[in-house]
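# Commentary on secondary and tertiary structure
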Amino acid sequence: MNVELFIAIRYLKARRKGFFSLLTTFIAVGGTTLGVAALVITLAIMSGFQTDIRDKILGIQPHIIITRVDGNPFTDYEQTLDKLKGDENAAQYSPFIYKQGLIRSLASNGSTGIILKAVDYERENKIVGLSKQIVSSEIDFNGKEIGERKIILGVELAKNIYASEGDEVAIMFPSGFGSIPKMYKFTVAALLHSGMYDYDSSLGFIDLKQAQNLFNMED
């Protein structure tokens with residue numbers, strides 16, 4: 001028998017004189033029980049909340065993002081991928097292009113800002129499981145491709161511009177000081193729900209090869 005249990009048993013079995021002494025014993029035991037129960041429940045809720053938030057954040061973004069120190073895009077990203085292939089700590093990897101712009105629905109003229117992420121769908125799907133987060137789609141997204149000039153929008157972003165599947169949207173990007181912005185037309189192929197409002201209200205996905213052609217980024 002450990003010390004804690006021995007002390008507890010001796011305390012509970014001790015003879016007490018009067019009702020008040022017995023009452024204080026029950027109050028002490030009940031208060032301790034209630035306090036411990038409240039602490040356990042609070043820790044369980046906080047642990048579950050932390051896990052839920054972490055899963056939602058990592059459900060749309062990878063654990064690690066590699067960029068160049070000077071902020072410029074990689075010109076030899078395939079060589080970087082080759083280095084990752086030899087690293088046993090890298091389970092999956094996926095190249096991407098980030099662009100900020102303005103998106104407008106051609107059906108309703110609603111517009112807002114967008115962070116466009118161009119990805120290799122097959123690789124990206126293995127990391128964050130995009131196919132599991134698509135809540136509605138006019139296509140059968142197989143986790144590899146969605147078609148020419150197609151875009152996946154966050155559900156809140158689509159609501160903000162009053163767009164739905166099959167609608168055409170125009171995305172405008174700055175092309176330099178004093179120059180006319182570049183504008184490209186896409187068809188909404190699917191809506192994505194990550195559970196994080198910041199992502200669902202700003203992110204859009206297109207195919208990496210298309211982005212390389214549109215932005216003259218090649219490799």
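Note that this is a predicted model, so its numbers are computed, not measured. (Residues numbered from 1 in each chain as written. Predicted model: local features only at pLDDT ≥ 70, side-chain atom pairs only at ≥ 80, totals over all residues. Heavy atoms only, no water.)

### Things to note about the overall build of the protein chain
Along the protein chain, the regular secondary structure elements total eight helices and seven strands. A compact globule built from 219 residues would reach a C-alpha radius of gyration of about 17 Å, whereas the protein chain, at 28 Å, exceeds it by more than 25%. Considered along the principal axes of its C-alpha atoms, the protein chain spans approximately 90 × 50 × 40 Å. Across the 219 residues of the protein chain, 32% fall into the buried class. Here the contacts in the protein chain between residues at least 6 apart in sequence split such that 66% fall between residues at least 24 apart. (Helix = DSSP H or I, 4+ residues; strand = E, 2+ residues; numbered from the N terminus. Rg over C-alpha atoms; globule rule 2.2 N^0.38 Å. Buried < 20%, exposed > 50% of the residue type's maximum accessible area, 1.4 Å probe, protein only. Contact = heavy atoms within 4.5 Å.)

### As for the pairing of strand 4 (residues 150-154)
The buried fraction of strand 4 is high, at four of five residues. When strand 4 meets strand 6 (residues 182-192), the two strands line up parallel, connected through five bridges. Bridging from a neighbouring strand, Gly154 pairs with Leu192 of strand 6. Where strand 4 meets strand 7 (residues 203-207), two bridges bridge the pair, whose relative direction is antiparallel. Note that in strand 7 the partner of Leu153 across the bridge is Gly204. (Pairing = 2+ DSSP bridges.)

### Re the pattern of salt bridges
The tally for this structure, following the rule as stated, stands at four salt bridges. A salt bridge links Lys117 to Glu124, with the nearest nitrogen and oxygen atoms 3.1 Å apart. For the pair Lys117 and Glu124, one class covers both residues: buried. (Salt bridge = Lys/Arg side-chain N within 4 Å of Asp/Glu carboxyl O.)

### Details of the nonpolar core
Side chains of a nonpolar character, in soluble globular proteins, are inclined to be buried together. Among the nonpolar cores identified, the biggest contains 28 residues, and Ile103, Ile114, Ile151, Leu153, Val169, Ile171 and Phe186 are the most heavily contacted of them. Elements supplying a minimum of two residues to this core: helix 3 (77-85), strand 1 (96-105), strand 2 (111-119), strand 4, helix 6 (155-160), strand 5 (168-173), strand 6 and helix 8 (208-214). Considering every element that reaches this core, the biggest residue donor is strand 6, with four residues. Discounting chain neighbours no more than four positions away, the residues touching Ile171 are Leu102, Ile103, Ile114, Leu116, Ile151, Lys182, Met183, Tyr184 and Phe186. Within the second largest apolar cluster, 14 residues are counted, among which are Val128, Ile146, Ala190 and Tyr199. (Core = buried A, V, L, I, M, F, W, Y, C linked by side-chain atoms within 4.5 Å.)

### Focus: the packing of aromatic side chains
What the rule picks out here adds up to four aromatic pairs. Between the aromatic rings of Phe173 and Phe215, the centroid separation amounts to 5.1 Å while the plane-to-plane angle is 85 degrees, which identifies the pairing as edge-to-face. Note that Phe173 is positioned in strand 5 and Phe215 in the segment after helix 8, a separation of 42 residues in sequence. Of the aromatic side chains, those joined through ring pairs into one cluster are Phe173, Tyr184 and Phe215. A cation sits over an aromatic face here: Lys99 above Phe215, 5.0 Å from the ring centre. Lying across the ring of Phe186, Arg149 places its NZ or CZ 5.7 Å from the centre. (Phe/Tyr/Trp six-rings, centres within 6.5 Å; stacked < 30°, edge-to-face > 60°. Lys NZ or Arg CZ within 6 Å of the ring centre and 35° of its normal.)

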